[in-house]
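Chain by chain, the residues run as shown.
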Amino acid sequence: YHTVQSTAHDFPDWLMTLTYRVAEFCGVDIPDSVNVNLYEDGSHCVGWHADDETLFGSGTEKATIISLSLGATRTFELKKKGHTDCTPMLLRAGDVVVMGGYTQKHYLHRVPPEFCAAPRINLAWRYIRNHCKTCTF
């Protein structure tokens, strides 16, 4: 496990437009952060985890993550912490998944490795709840 630090940037106009449309579609407030991941092929994956970082308040507070899939169809799996049975979902281009409430406190999710020759982009919007002391935003 490793942590990647990056510099905050303003959303470009096209991403702000997309953010507003997705938030409106989901009936939620406009998120103030987004993480963009590129899965170049089926070998690119992410293991079981919860997005429960303090920054987003996800471990103790209700938190909302809005996920938009673009490109190749990939499997997304969700399971209750401490359990082995999972619920798989095929996410196609344009599919939106909303994980709200205490999902990150009680569940894990992943994108497993699988055969896939085409790339997939995932945008995951969140709400920053706990700014660091040196944060200027």
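It should be noted that the structure appears before, not after, this text.
Below, the structure is looked at part by part. (Residues numbered from 1 in each chain as written. Predicted model: local features only at pLDDT ≥ 70, side-chain atom pairs only at ≥ 80, totals over all residues. Heavy atoms only, no water.)

1. Re the pattern of salt bridges
Moving on, step 1. This structure, assessed with the given rule, holds four salt bridges.
Moving on, step 2. We note a salt bridge from R126 to D51, for which the minimum N-O separation is 3.7 Å. Taken together, the residues span a long stretch of sequence, with R126 in strand 8 (residues 120-126) and D51 in the loop between strand 2 (46-49) and strand 3 (65-71) at a distance of 75 residues.
Moving on, step 3. Assessed through its relative accessible area of 9%, R126 is described here as buried.
Moving on, step 4. Residue E53 pairs with R126 through a salt bridge whose shortest N-O separation is 3.2 Å. Of the two residues, E53 is situated in the loop between strand 2 and strand 3 and R126 in strand 8; the sequence distance between them amounts to 73 residues.
Moving on, step 5. E53 gets classed as partly exposed once you look at its relative accessible area, which sits at 30%.
Moving on, step 6. Bridged by salt links that share partners, the residues D51, E53 and R126 form one connected network. (Salt bridge = Lys/Arg side-chain N within 4 Å of Asp/Glu carboxyl O. Helix = DSSP H or I, 4+ residues; strand = E, 2+ residues; numbered from the N terminus. Buried < 20%, exposed > 50% of the residue type's maximum accessible area, 1.4 Å probe, protein only.)

2. Quick look at a nonpolar patch on the surface
Moving on, step 1. The grouping of V36, L38, L70 and I121 at the surface amounts to a nonpolar patch, some 320 Å² of accessible area in total.
Moving on, step 2. Tracing the backbone shows I121 in strand 8. (Patch = residues over 30% accessible without salt bridge, like charges linked within 9 Å, V, L, I, M, F, W, Y side chains within 5 Å. Areas by Shrake-Rupley, 256 points an atom, 1.4 Å probe, with all protein chains shown as cover.)

3. Notes on the packing of aromatic side chains
Moving on, step 1. Applying the stated criterion across every chain, the model contains zero aromatic pairs.
Moving on, step 2. We note R126 situated over the ring of F56; from NZ or CZ to the ring centre the distance is 4.5 Å. (Phe/Tyr/Trp six-rings, centres within 6.5 Å; stacked < 30°, edge-to-face > 60°. Lys NZ or Arg CZ within 6 Å of the ring centre and 35° of its normal.)

4. A short note on the sheet that holds strand 5 (residues 87-91)
Moving on, step 1. Ordered in space as 2-7-4-5, the four strands form an open sheet in which the pairing is antiparallel. Whereas interior strands pair on both sides, the edge strands pair on one side only; in this sheet they are strand 2 and strand 5. On average, adjacent strands in this sheet sit at an angle of 15° to one another, irrespective of strand direction.
Moving on, step 2. Across five bridges, the pairing between strand 4 (residues 74-80) and strand 5 is antiparallel. (Pairing = 2+ DSSP bridges. Axes fitted to C-alpha atoms, helices over the stretch in contact; angles between N-to-C directions.)

5. Let's talk about the sheet that holds strand 6 (residues 96-99)
Moving on, step 1. Within the open sheet, the four strands sit side by side as 1-8-3-6. Their pairing is antiparallel. At either end of the open sheet lies a strand with only one pairing partner, and these are strand 1 (33-39) and strand 6. Within this sheet the neighbouring strands show an average axis-to-axis angle of 20°, counted without direction.
Moving on, step 2. Bridge count between strand 1 and strand 8: seven bridges; the pairing is antiparallel.

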